[in-house]
Amino acid sequence: MPLVHMKDMLTHAHENGYAIAAFDLVSLHFLEAIMQAAEETEAPVILSLAESHFDYFDFELAMAATVAAARRASVPVAIHLDHGHSLDSAVRGINLGCTGVMVDASHHPFDENVRITREVVDMAHACGVPVEGELGYVPGVEGEDAERHPGEIAYTTPEEAERFVAETGVDFLAVSIGTVHGRMKGEPRLDFERLAAINERLGIPLVIHGGTGLSDEQFRRLIAHGVSKINYYTALSDAAARIIAANVRDNAQGYTGLMKGVRRAIAEECIRCIRLWGSAGRAGEVLKAAQPWREVEHLIIYNVEGIDEEETRRRIEEGRKVLSRIPGVRRVDTGTAVRPDARYRHAWLIRFAHEEVIASYRDHPDHVRYADEKFRPVAADRISIDYLLD
Ligand SMILES: [Zn+2]
């Protein structure tokens, strides 16, 4: 059960002067490589899935594998939606298993960024999920990740950062102090003074996007000034591509031939980062300091009165659709008792992302409407219990 609260994880990193890697994954090879690297170095790690990469893989299928990988890990893991575009993206991410979400409205003017971010924070916090916002703009310069972030760099100012955090309630802030997405052109110049001032004012974990191409010394200074989460992808992608190119030169045959060694190449770059950023060997401490992430099963067993079998079916179908879209609902299962003489004939098994969802689900207008109009009037004979899952 090594899924842990990301906020506890990053607070530990912030207090102890190291940074946790948030590696973006775009395939099963990346997922396996990242987990291998984290296990080998005994490091806490964040599995990150960027909405801008959803053209390359099926998010829903990738999340099933990501959650499974996190659950069987021995090191603490969090699952993060990277660069979510909208409130709907954040809801989808949380419902599929993300335990942290980023909302990226940094290309909007300040007030609009605050409004969009605040909306996501309200929803996510009601699901127990922490939120990363971005203020200032980290553009792309070159390469696949770069194309998705057009425009000029806009630096984060300490004054605006303080206002932004106060007005939105974000748990972590991605700042713009000179890094770029994708591959660097020339030596990046980072504004450490600005970063130090932001860290002093905010006192919350800071995040850097565009980690590829920075020097060891630059990473050390970023971390010394409050950077606790580093997003990293392009260099992993390049490491994989170099191996594939070498396999082509060696006349490797077929897909599996071309992919030979890719996992190890990605893992090695992950290991280098984990060691450099100081998270190696921290798994045990973080497991002690961080609350485990626990889902809740909302169980209802009931009998129906006053409507026929067909209408019962119809209402169950409608409920499955309506309820599964509510923020924090991970799964809606329904069933009928195997034995016809069972004390209760029907069951709802509704999986909540977190204990917080019990209240936000209960009060959600879609749930209230369905329960009051379609369910409670015909299901007076029922038992409902919430179970915190081990
Ligand atoms: Zn980014």
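Bear in mind that the values here come from a model prediction, so they are computed numbers and not experimental data. (Residues numbered from 1 in each chain as written. Predicted model: local features only at pLDDT ≥ 70, side-chain atom pairs only at ≥ 80, totals over all residues. Heavy atoms only, no water.)

Participant: A description of the packing of aromatic side chains should follow, citing residues and the corresponding values.
Facilitator: Throughout the structure, instances matching the rule amount to twelve aromatic pairs. On the numbers, 6.2 Å between centres and 70° between planes, the contact of phenylalanine 110 with phenylalanine 164 is edge-to-face. In this pair, phenylalanine 110 is assigned in helix α5 (residues 110-125) and phenylalanine 164 in helix α6 (residues 158-168), connecting sequence segments 54 residues apart. Classification of phenylalanine 110 as buried rests on a relative accessible area of 14%. (Phe/Tyr/Trp six-rings, centres within 6.5 Å; stacked < 30°, edge-to-face > 60°. Helix = DSSP H or I, 4+ residues; strand = E, 2+ residues; numbered from the N terminus. Buried < 20%, exposed > 50% of the residue type's maximum accessible area, 1.4 Å probe, protein only.)

Participant: Quick one: what's the story with the sheet that holds strand β11 (residues 296-302), residue by residue and with numbers?
Facilitator: Sheet architecture is open: four strands sit in the order β12-β13-β11-β14, paired in antiparallel fashion. On the outer flanks of this sheet lie β12 (329-336) and β14 (382-388), each paired with one strand and no other. Neighbour to neighbour, the strand axes of the sheet diverge by 15° on average, direction disregarded. Sheet topology note: the β11/strand β13 (residues 346-352) ladder contains seven bridges and is antiparallel. Bridge pairing in β13 links histidine 298 to isoleucine 350. (Pairing = 2+ DSSP bridges. Axes fitted to C-alpha atoms, helices over the stretch in contact; angles between N-to-C directions.)

Participant: So what's going on with the coordination of the zinc ion? Residues and values would help.
Facilitator: Ideal geometry at a metal centre gives angles of 109.5 degrees when four donors are arranged tetrahedrally and 90 or 180 degrees when six donors are arranged octahedrally. Donor atoms from the polypeptide that bind the zinc ion are His83 (NE2), His181 (NE2) and His209 (ND1), placed at 2.0 to 2.1 Å. Each donor residue of the zinc ion belongs to the same chain, and together they define the spacing H-x97-H-x27-H. Highlighted residues: histidine 83 in strand β3 (residues 77-84) and histidine 209 in the loop between β9 (206-208) and α8 (216-224), separated in sequence by 126 residues. Overall, histidine 209 belongs to the buried group, its relative accessible area being 2%. (Donors = N, O, S within 2.8 Å, 3.2 Å for Na, K, Ca; no water.)

Participant: Outline the domain arrangement of the protein, supporting the account with residue identities and numerical values.
Facilitator: Domain boundaries assigned for the protein yield domain 1 (6-289) and domain 2 (296-388). The gap between the C-alpha centroids of domain 1 and domain 2 is 37 Å. Counting residues at the interface gives eleven residues for domain 1 and twelve residues for domain 2. Of the roughly 750 Å² buried where domain 1 meets domain 2, counting both sides, 51% is carbon and sulfur surface. (Domains from an automatic or database assignment. Contact = heavy atoms within 4.5 Å. Buried area = accessible area lost by both parts, 1.4 Å probe.)

Participant: I'd like a rundown of the state of the cysteines, residues and numbers included.
Facilitator: Simply put, the disulfide is a covalent bond whose two ends are the sulfur atoms of two cysteines. All told, the structure shown has zero disulfides when counted by the stated rule. We note that cysteine 98 lacks a disulfide partner, and the nearest cysteine sulfur, in cysteine 127, lies 12 Å from it. We note that cysteine 273 lacks a disulfide partner, and the nearest cysteine sulfur, in cysteine 270, lies 6.7 Å from it. (Disulfide = S-S within 2.5 Å.)

Participant: Just give me the short version of the pattern of salt bridges, but keep the residues and values in it.
Facilitator: Oppositely charged side chains are able to pair whenever their charged atoms sit close together. The tally for this structure, following the rule as stated, stands at 33 salt bridges. Across the pair glutamate 132 and lysine 229 runs a salt bridge whose closest N-O atoms are separated by 2.6 Å. With glutamate 132 in strand β5 (residues 131-135) and lysine 229 in strand β10 (residues 227-232), this pair connects stretches of sequence that are 97 residues apart. A single burial state applies to glutamate 132 and to lysine 229, both of which are buried. (Salt bridge = Lys/Arg side-chain N within 4 Å of Asp/Glu carboxyl O.)

Participant: Report on the sheet that holds strand β4 (residues 100-103), specifying residues and quantitative values.
Facilitator: If you walk around this closed barrel you meet the eight strands as β1-β2-β3-β4-β5-β7-β9-β10, and the pairing is parallel. With direction set aside, neighbouring strand axes in the sheet form an average angle of 25°. Sheet topology note: the strand β1 (residues 20-24)/strand β2 (residues 45-50) ladder contains three bridges and is parallel. Bridge pairing in β2 places phenylalanine 23 opposite leucine 47.

Participant: Any details on helix α15 (residues 365-375)? Residues and values, ideally.
Facilitator: Every α-helix winds through 3.6 residues per turn, so residues three or four apart in the chain are directed the same way. His367, Tyr370, Ala371 and Phe375 are the residues of α15 that are buried. Across the axial projection of α15, the buried residues extend over an arc of 95°, all falling on one side. Summarising the contacts, the buried residues of α15 are in contact with β11, α13 (309-324), β13, α14 (357-363) and β14. (Arc of directions from axis to C-beta.)

Participant: Which residues make up the packing of α13 against α15, and what are the values?
Facilitator: Packing of α13 against α15 leaves a shortest axis separation of 10 Å and a crossing angle of 165°. When the axes of α13 and α15 are compared, the pair comes out roughly antiparallel. Crossing geometry of α13 relative to α15 is assigned as left-handed. Between α13, through Arg315, Ile316, Glu318, Gly319, Val322 and Leu323, and α15, the contact on the second element is made entirely by Asp366, His367, Tyr370, Glu373 and Lys374. By residue class, the composition of the contact of α13 with α15 is four nonpolar, two polar and five charged. (Parallel < 35°, antiparallel > 145°, perpendicular 65-115°, else oblique. Left-handed = near helix turned anticlockwise from the far one by under 90°. Nonpolar A, V, L, I, M, F, W, Y, C, P; charged D, E, K, R; others polar.)

Participant: How would you explain a nonpolar patch on the surface if you had to name every residue and give the values?
Facilitator: Residues Ile383, Ile385 and Tyr387 make up a contiguous nonpolar surface patch of about 240 Å² in total accessible area. When you line up the elements, tyrosine 387 lands in strand β14. Exposure remark for tyrosine 387: the relative accessible area of 40% places this residue in the partly exposed category. (Patch = residues over 30% accessible without salt bridge, like charges linked within 9 Å, V, L, I, M, F, W, Y side chains within 5 Å. Areas by Shrake-Rupley, 256 points an atom, 1.4 Å probe, with all protein chains shown as cover.)

Participant: Describe in detail unusual backbone geometry, supporting the description with residues and values.
Facilitator: Here histidine 83, not a glycine, exhibits a phi torsion of approximately 50°, which is positive. What makes histidine 83 buried here is its relative accessible area of 4%. Positive phi, normally seen in glycine, also occurs at asparagine 251, with a value near 60°. Structurally, asparagine 251 can be placed in the loop between α9 (234-249) and α10 (254-259).

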